[in-house]
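Architecture and fold: a report
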2 protein chains.
Amino acid sequence: MTPKEIIVEQAYEMFFRSGIKSITMDDISRETGVSKRTIYENFRDKDELVASCLHLMDERFNREYNKIEKESDNTLIMVFRFMKFGTDVLNSINPQFTPDLKKYHFRVWKETMTVNEKKYNARTLKILKKGIRERVFRETIDVEVVSILLNEQLRIISDETVFPSSRFPKIVVFENVLINFFRGIATQKGLDLIDKYLREESDKFVTVGT
Amino acid sequence: MTPKEIIVEQAYEMFFRSGIKSITMDDISRETGVSKRTIYENFRDKDELVASCLHLMDERFNREYNKIEKESDNTLIMVFRFMKFGTDVLNSINPQFTPDLKKYHFRVWKETMTVNEKKYNARTLKILKKGIRERVFRETIDVEVVSILLNEQLRIISDETVFPSSRFPKIVVFENVLINFFRGIATQKGLDLIDKYLREESDKFVTVGT
């Protein structure tokens, strides 16, 4: 690994574990053994380092997504497995991470959201159409509306003004929002698959949606 | 009817038909035959008149809600009938109404939303719990999370930045969001009721959710 990669990996883990604000460039230098001078040669400021961490997160999500897609027999199981991966990541992140990101690195957050939203929208449309062909999603849904709607659900889940994590454990919100969402657009075949999946993996979920 | 009531009724209909901005106090005076002097004796300004119209709307919604509640055998059918009433109202409102309200009468809109949100939240919680007792909603849902979530769906539906009405007919958005939402939290018994209702009333819906 190059020093740059070492710094990003380490910062990524520290930000996720402790939030962004509480981690200084000094902390990262100490943990990696890379001098602050070298850190600043690679990253103009903390903003740029945070952006690289978000990029790394996106890469890892994509890699996991491609792996799950390849391993899944049908779209619904793929979606639920990916959701499970999402909840695991969510559980491992310090609750301050997203608020810190929005508060102290707003520009980076906004730019990442804009780029990702387009990409995720295209992917969601593809998933919905595939699910309709496989008869796990109802063909009467308006895929464009439902695709935007799913994006909104993901935004709502992480919106602290809607579901403050002090009152609502993120995992309960996540499951209630997303399991209900996919049940909502599922055919009977889809519902049977969801129930079967949740029964088999019930130890992995807080609420079981049957 | 008092002059005050005549003014509010007329303004209410005109705002709904043509949006708020395009209707002047002169227009209302002309249509009602009530002098502008009397209008201003009853309402300090257009803000106050708009607030009274929103209050009237709330009253009518409540009256209709109570009527539908009394006439419905079970919670799911009640919800769908009330939704149908909502889509009919939505269809009859000029698309400029809500944007005008937010843009030119922000304070009134904000105050109404704050008051209503609390009231609607309490009502939604009651509906969800009743539906669970009747076994039409799944008992594993977190009623508090789902109640907030429903509020968010209603907000999303009327959010022009999410679903611009130039691209997405409000009625298609409404049905995709709400039918899917209630299917998402329904038991098998609930789903059967929804399907039966949508089949019987299919002429009243754009998309049929079976």
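Now for a description of the structure that goes with this document. By convention here, each chain's residues receive numbers from 1 onward along its written sequence. Each chain takes a letter, starting from A, and each ligand takes a number, starting from 1, following the order in which they are written. Totals for whole chains, interfaces and linings use every residue, but because this is a predicted model, local features are given only for residues with pLDDT of at least 70 and side-chain atom pairs only at 80 or more, for both listing and counting. Computation of side-chain values: all heavy atoms of the structure, hydrogens and water removed.

A short note on the side chain of B:D58
Residue and element names in this part refer to chain B. Here D58 lies in helix α4 (residues 46-71). For each residue, the accessible area found with a 1.4 Å probe, counting protein chains only, is set against the maximum for its type, and the residue is called buried under 20%, exposed over 50%, and partly exposed in between. According to the relative accessible area criterion, D58 is buried, its value standing at 10%. Leaving out residues up to four positions away in the same chain, D58 has contacts with N116, K119 and Y120. Segments assigned H or I by DSSP are reported as helices when at least four residues long, segments assigned E as strands when at least two residues long, and all are numbered from the N terminus. Two residues qualify as a contact provided that any one of their heavy atoms is within 4.5 Å of a heavy atom in the partner residue.

Let's talk about the environment of A:N180
Note that A:N180 resides in helix α9 (residues 170-185). Given the relative accessible area of 6%, A:N180 is considered buried. With near-sequence residues (within four places) excluded, A:N180 lies in contact with A:E175, B:R138, B:I141, B:V146, B:G184 and B:I185.

Thoughts on the packing of helix α8 (residues 143-157) of chain A against α9(A)
To characterise two packed helices, one gives the angle between the axes of the helices and the distance between these axes. Residues and elements named next belong to chain A. Following both chains from N to C, one finds α8 and α9 inclined at 170°, their axes separated by 10 Å at the closest point. Taken together, the axes of α8 and α9 lie roughly antiparallel to each other. Each of V146, L149, L150, Q153, L154 and I157 in α8 lies in contact with α9, whose residues at this interface are K170, V173, F174, V177, L178, F181, F182 and I185. Residue classes in the contact of α8 with α9 are distributed as 12 nonpolar, 1 polar and 1 charged. Only the stretch in contact is used when fitting a helix axis, every axis being a line fitted to C-alpha atoms; angles between N-to-C directions are given from 0 to 180 degrees. For this classification, under 35 degrees means roughly parallel, over 145 means roughly antiparallel, 65 to 115 means roughly perpendicular, and everything else is oblique. Throughout, the ten residues Ala, Val, Leu, Ile, Met, Phe, Trp, Tyr, Cys and Pro are labelled nonpolar, Asp, Glu, Lys and Arg are labelled charged, and all others, Gly among them, are labelled polar.

So, the relation of the copies chain A and chain B
Two chain copies, one operation linking them: a rotation about an axis together with a shift along it. When the copies are superposed, the least-squares fit takes in the C-alpha atoms of residues with a pLDDT of at least 70 in both. Expressed as a screw transformation, the operator carrying chain A onto chain B has a rotation angle of 180° and an axial translation of 0.0 Å, and the superposed copies differ by an RMSD of 0.0 Å. Taken together, the rotation and translation describe the operation of a two-fold axis. Identified as the residue of chain A closest to the rotation axis by C-alpha distance is A:G184, at 1.8 Å. Here 100% of the contact residues of chain A are again contact residues in chain B; the copies associate through an equivalent surface.

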